[in-house]
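Each chain, written out:
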Amino acid sequence: MTDSWDTIADWYAELLRTGSALNDFNRDVLLDQLPDALTGQRVLDLGCGEGFIARALAARGASVTGIDPSARLIEHARAAGAVGPGSVVYAVDDGCLLGTVADGAVDWVTAGLSLNHVPDLDAAFAAVRRVLTAGGSLVFSVPHPCFEAPDASWTPVDEASGAVRRVVGDYLAEGFWRSDNPHAVRRAGNQHRTLSTYLTALLRHGFTLQAIAEPAPTVQVTAQQPQRAGLPPFLVIRAGR
Ligand SMILES: C[S@@+](CC[C@H](N)C(=O)[O-])C[C@H]1O[C@@H](n2cnc3c(N)ncnc32)[C@H](O)[C@@H]1O
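Residues numbered from 1 in each chain as written. Predicted model: local features only at pLDDT ≥ 70, side-chain atom pairs only at ≥ 80, totals over all residues. Heavy atoms only, no water.

A. Structural view of the packing of aromatic side chains. Here the structure, examined in full by the defined rule, presents six aromatic pairs. Geometrically, the ring pair formed by Trp 5 and Tyr 12 is edge-to-face, given 5.2 Å between the ring centres and 85° between the ring planes. Of the two residues examined, Trp 5 and Tyr 12, each falls in the buried class. Ring geometry for Trp 11 versus Tyr 12: centroids 6.4 Å apart, planes at 40°, classification tilted. Among the aromatic residues, those joined into a cluster by ring pairs are Phe 125, Phe 140, Tyr 198 and Phe 207. Taking NZ or CZ as reference, Arg 129 lies 5.3 Å from the ring centre of Phe 207, over its face. One residue, Arg 187, lies across the ring of Trp 11, its end atom 4.2 Å from the ring centre. (Phe/Tyr/Trp six-rings, centres within 6.5 Å; stacked < 30°, edge-to-face > 60°. Buried < 20%, exposed > 50% of the residue type's maximum accessible area, 1.4 Å probe, protein only. Lys NZ or Arg CZ within 6 Å of the ring centre and 35° of its normal.)

What follows is the structure, given as structure tokens:
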């Protein structure tokens, strides 16, 4: 069977429920780019999955709309409910279209590890600009393109200590690729893009770069995955409309 986000939806929802330090870290570094208090703010969470980030935004008081093309993940998100004081509603939608979201409807768009799945980045950025208010911002994270390229791997450098190092992979090979690791999230596929592709696409669409972060993994992450010490797993960008 060829995996998709629908076929791995139950696995992914269970992964987050049982506690993934890497996903907790991603949520936290994304939320670091938004105000602590979001009461009165309307947020679109693009590629919301099972609602992990949407619930955290609602906990800060935001009125959140979560969209995702996976009907099964949206089922999980609805079943998990909302965390007040804000609210969350969900819709099945494609981040390249945002057909369920009106023009100028939101103050923020968040996209945690989802723009690396949209097939058409230009269409997604155009849709994000359309739904943001004039002063609104996009905050997104992607697996760090420099270290999470197709066929990147770990290689042992010291048998005695078990130390490993990252082998970069095919950094310039942009486009769709799929991990053949049956336990990897990217068995459902991933759109690899270089750092300059993300940045120049933002500029081409008229966004203003407000922040770029490459946060170091937390001790919780390196306790679960020691090989990640010393490399930023994610690239985080905030861009104004
Ligand atoms: C790694 S998950 C992240 C989910 C969630 N943001 C989180 O942090 O748990 C990637 C998500 O991107 C979604 N996705 C795939 N294609 C997409 C598209 N065209 N538009 C929006 N989201 C998409 C997947 O369905 C999946 O929910």
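B. Spotlight on the nonpolar core. Formed by 29 residues in total, the largest nonpolar core has its most connected members in Leu 98, Val 109, Leu 115, Phe 125 and Phe 140. Elements supplying a minimum of two residues to this core: strand E1 (42-46), strand E4 (106-112), helix H5 (121-131), strand E5 (132-143), helix H6 (195-204) and strand E11 (234-240). No other element matches H5, which puts six residues into this core. Dropping the residues within four chain positions of it, Leu 98 is found in contact with Leu 44, Leu 46, Ile 67, Asp 93, Ala 127, Val 128, Arg 130 and Val 131. (Core = buried A, V, L, I, M, F, W, Y, C linked by side-chain atoms within 4.5 Å. Helix = DSSP H or I, 4+ residues; strand = E, 2+ residues; numbered from the N terminus. Contact = heavy atoms within 4.5 Å.)

C. Geometry of the state of the cysteines. Under the criterion given, the structure shown has zero disulfides. Its sulfur unpaired, Cys 48 is 15 Å from the next cysteine sulfur, which belongs to Cys 96. (Disulfide = S-S within 2.5 Å.)

D. Representation of the site of the ligand in the model. Around the ligand, the surrounding shell holds 21 residues, and the nearest of these are Tyr 12, Gly 47, Asp 68, Gly 95 and Gly 112. At 2.9 Å from a nitrogen atom of the ligand is found a main-chain nitrogen or oxygen belonging to Gly 112. For the ligand, whose accessible area on its own is 590 Å², the fraction buried by protein is 95%. Contributing elements (two or more residues each) for the shell around the ligand: helix H1 (9-18) and helix H3 (52-59). Residue classes in the shell around the ligand are distributed as twelve nonpolar, seven polar and two charged. (Near = heavy atom within 4 Å. Polar contact = N/O pair within 3.5 Å; in protein donor to acceptor, adjacent residues only side chain to side chain. Areas by Shrake-Rupley, 256 points an atom, 1.4 Å probe, with all protein chains shown as cover. Nonpolar A, V, L, I, M, F, W, Y, C, P; charged D, E, K, R; others polar.)

E. Layout of the pairing of E5. Of all twelve residues in E5, ten are buried; the element is thus mostly enclosed. Looking at chain direction, E4 and E5 are connected through six bridges and run parallel. Among the inter-strand pairings, Val 106 is bridged to a residue of E5, identified as Leu 132. Between the parallel elements E4 and E5, the chain passes through H5 in a crossover that is right-handed. (Pairing = 2+ DSSP bridges. Right-handed = clockwise from strand over helix to strand, strands pointing away.)

F. Expanded view of the packing of helix H2 (residues 21-31) against H3. Here H2 crosses H3 at 45°, and the two axes come no closer than 10 Å. The angle between H2 and H3 falls in the class oblique. Seen from above, H2 lies across H3 with right-handed handedness. The residues of H3 that touch H2, namely those facing Asn 23, Asp 24, Asn 26, Arg 27, Leu 30 and Leu 31, are Phe 52, Ile 53, Ala 56 and Leu 57. For the contact of H2 with H3, the residue count by class is six nonpolar, two polar and two charged. (Axes fitted to C-alpha atoms, helices over the stretch in contact; angles between N-to-C directions. Parallel < 35°, antiparallel > 145°, perpendicular 65-115°, else oblique. Left-handed = near helix turned anticlockwise from the far one by under 90°.)

G. Just helix H4 (residues 71-80), in detail. For H4, the full list of buried residues reads Leu 73, Ile 74, His 76 and Ala 77. All buried residues of H4 project into a common sector of 155° when viewed along the axis, lining one side. With respect to the buried face of H4, the exposed residues turned more than 90 degrees away are Arg 78 and Ala 79. Lining the buried residues of H4 we find H1, strand E2 (63-68) and strand E3 (87-92). Of the residues one or two after H4, Gly 81 is the one with positive phi, at around 75°. (Arc of directions from axis to C-beta.)

H. Summary view of the UniProt feature "domain: Methyltransferase type" (unreviewed entry) in the chain. The positions that UniProt labels "domain: Methyltransferase type" (unreviewed entry) are, in the present scheme, residues 44-140. Between the end C-alpha atoms of residues 44-140 there is a gap of 12 Å, over a span that is 30% helix and 32% strand. (UniProt positions renumbered as here; feature names shortened; annotations may be inferred.)

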